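# What the coordinates show
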Amino acid sequence: MKFTHPAQAPICVPVVNSDQQFPIHRIYCVGRNYEEHAKEMGYTGREAPFFFLKPTDSLIYVPTGATGELPYPSLTKNFHHEIELVVAIGKGGKNIKAQDAEQHIFGYAVGLDMTRRDLQNDMKKQGRPWDIGKSFDASSPMGPIVEKSSVHDLENAKIYLSVNNEDRQSSHINKLIWNIHETIEHLSAAWELQAGDLIFTGTPEGVNAVSPGDLMHGSVEGVGSIDLRVV
Ligand code: MN
């Protein structure tokens, strides 16, 4: 086959304790899926989940134990961290019911939905798409994928982020407004899920800005951790 320019290599994330790579199809994100975060963003109540996408090549893979470098993006003066549990889809489908969702999950990872908050807020005010605030280059750092059989009691797991060793975000996965199975039901009603899709399931309260030089440490208990320096 002849290409007009070099074809992009598949974007993959390694699977923990395996020689396998998980090739990424799409990156879906859930908005405002923890009540206390919805409140800090000026919303209340249990609204239907809503979704946005990030480009697959916005993913930065950070091996466990390494410190990844996260470039401070252009155009923003308010670059926010959002620590999130990431669900990796192993089997596709559409109109998946919550009670059937478990069989579509391959595993889990820790990720950050990095956000140019000032640009996102400008776009919200103007009723314009969020892409410039959410879907920029290097906006989706994440750690390796852990197969679901190795993850126990995820419901009660702590989700946590510190910046320069100061607590910033701390909550539990059971505080998700729409749990993982319900999220898959809603998402697969709108898009046909494919093996290789990632779902960033939303962030708890405590989102805030980082600056160049800051060191972020994020974790989901039983899934893993991620370390990043903003450069
Ligand atoms: Mn988010």
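Okay, so let's go over this structure. (Residues numbered from 1 in each chain as written. Predicted model: local features only at pLDDT ≥ 70, side-chain atom pairs only at ≥ 80, totals over all residues. Heavy atoms only, no water.)

## Some thoughts on the overall build of the chain
Worth spelling out the cut-off: We count a stretch as a helix when DSSP gives it H or I for four or more residues in a row; a strand needs E for two or more, and each element gets its number in order from the N terminus. C-alpha atoms define the radius of gyration in this analysis, and the globule rule sets the expected value at 2.2 Å times the number of residues to the power 0.38. For each residue, the accessible area found with a 1.4 Å probe, counting protein chains only, is set against the maximum for its type, and the residue is called buried under 20%, exposed over 50%, and partly exposed in between.
Looking only at helices and strands, the chain has four helices and 18 strands in total. The C-alpha atoms of the chain give a radius of gyration of 17 Å, which matches the 17 Å a tight globule of 231 residues would have. Dimensions of the chain, computed from C-alpha atoms along their principal axes, come out at roughly 50 × 40 × 35 Å. The 231 residues of the chain split such that 50% are buried.

## Observations regarding helix α2 (residues 117-126)
Counted only if it meets this: Think of the arc as the fan of directions from the helix axis to the C-beta atoms. Should any heavy atoms of two residues lie within 4.5 Å, those residues are counted as being in contact.
Within the span of α2, buried status applies to Arg 117, Leu 119, Gln 120 and Met 123. Looking straight down α2, one finds its buried side chains confined to an arc of 160°; they lie on one side. As for α2, its buried residues are in contact with β7 (79-81), β10 (115-116) and α3 (131-134). Where α2 ends, the next residue or the one after it, Gly 127, has phi of about 65°, a positive value.

## Thoughts on the packing of aromatic side chains
Filter applied, for reference: For Phe, Tyr and Trp, where Trp contributes only its six-membered ring, two rings pair if their centres lie within 6.5 Å, and the inter-plane angle classes them as stacked under 30 degrees, edge-to-face over 60, or tilted in between.
In this structure the tally under the stated criterion is seven aromatic pairs. With a centroid separation of 5.4 Å and an interplanar angle of 55°, the aromatic rings of Phe 52 and Trp 130 are classed as tilted. Taken together, the positions of Phe 52 in strand β4 (residues 50-54) and Trp 130 in the loop between α2 and α3 put the pair 78 residues apart, joining distant regions of the chain. Accessibility expressed as a relative area gives 11% for Phe 52, which makes it buried.

## Some words on the sheet that holds strand β16 (residues 208-209)
Here is the rule we go by: Any two strands between which DSSP finds at least two bridges are classified as paired.
Across the sheet, which stays open at both edges, the three strands sit in the order β10-β7-β16 with antiparallel pairing between neighbours. Two strands bound the open sheet, and with one partner strand each, they are β10 and β16. Here β7 runs beside β16; their pairing, made up of two bridges, is antiparallel. When the sheet's bridge partners are listed, His 80 is paired in β16 with Ala 209.

## Looking at unusual backbone geometry
Located in the positive-phi region is Ala 138, a residue other than glycine, with phi close to 65°. Even without being a glycine, Asn 164 presents a positive backbone phi close to 50°. Along the polypeptide, Asn 164 turns up in the loop between β13 (158-163) and β14 (166-172).

## Structural notes on the sheet that holds strand β18 (residues 224-230)
Put simply, the rule reads: Working convention: axes come from line fits to C-alpha atoms, limited for helices to the stretch in contact. Angles between N-to-C directions cover 0 to 180 degrees.
Spatial ordering of the open sheet is given by β6-β18-β17-β13-β14, a layout of five strands whose pairing is mixed. Each having just a single partner strand, β6 (67-70) and β14 make up the two edges of the open sheet. The mean angle between the axes of side-by-side strands here comes to 20°, regardless of whether they run parallel or antiparallel. As paired elements, β13 and strand β17 (residues 215-220) share five bridges and run antiparallel to each other. Residue pairing in the sheet places Val 163 in a bridge with Met 216 of β17.

## Considerations on the pairing of β6
Here β6 shows a clear split, with Gly 68 and Leu 70 buried on one side and none of Thr 67 and Glu 69 buried on the other. Sheet topology places β6 next to β18; four bridges connect them, and they run parallel. By the bridge assignment for β18, Leu 70 is matched with Val 230.

## A closer look at the environment of Glu 205
Tracing the chain through its elements places Glu 205 in the loop between β15 (198-200) and β16. Glu 205 sits 170 residues away from Glu 35 along the chain, and the two C-alpha atoms are 8.1 Å apart. Those residues in contact with Glu 205 that lie beyond four places of it in its chain are Glu 36, His 37, Glu 40, Arg 168, Gln 169, Ser 170 and Ser 171.

## Digging into the pairing of strand β9 (residues 105-112)
In terms of residue burial, β9 counts as a mostly covered element, since seven of its eight residues are buried. Across seven bridges, the pairing between strand β8 (residues 83-89) and β9 is antiparallel. Looking at the pairing, Leu 85 lines up with Val 110 of β9. Two elements, β9 and strand β12 (residues 146-147), share two bridges in a ladder whose sense is antiparallel. Its bridge partner lying in β12, Tyr 108 is registered against Val 146.

Coordinates in, geometry out; function isn't part of it.
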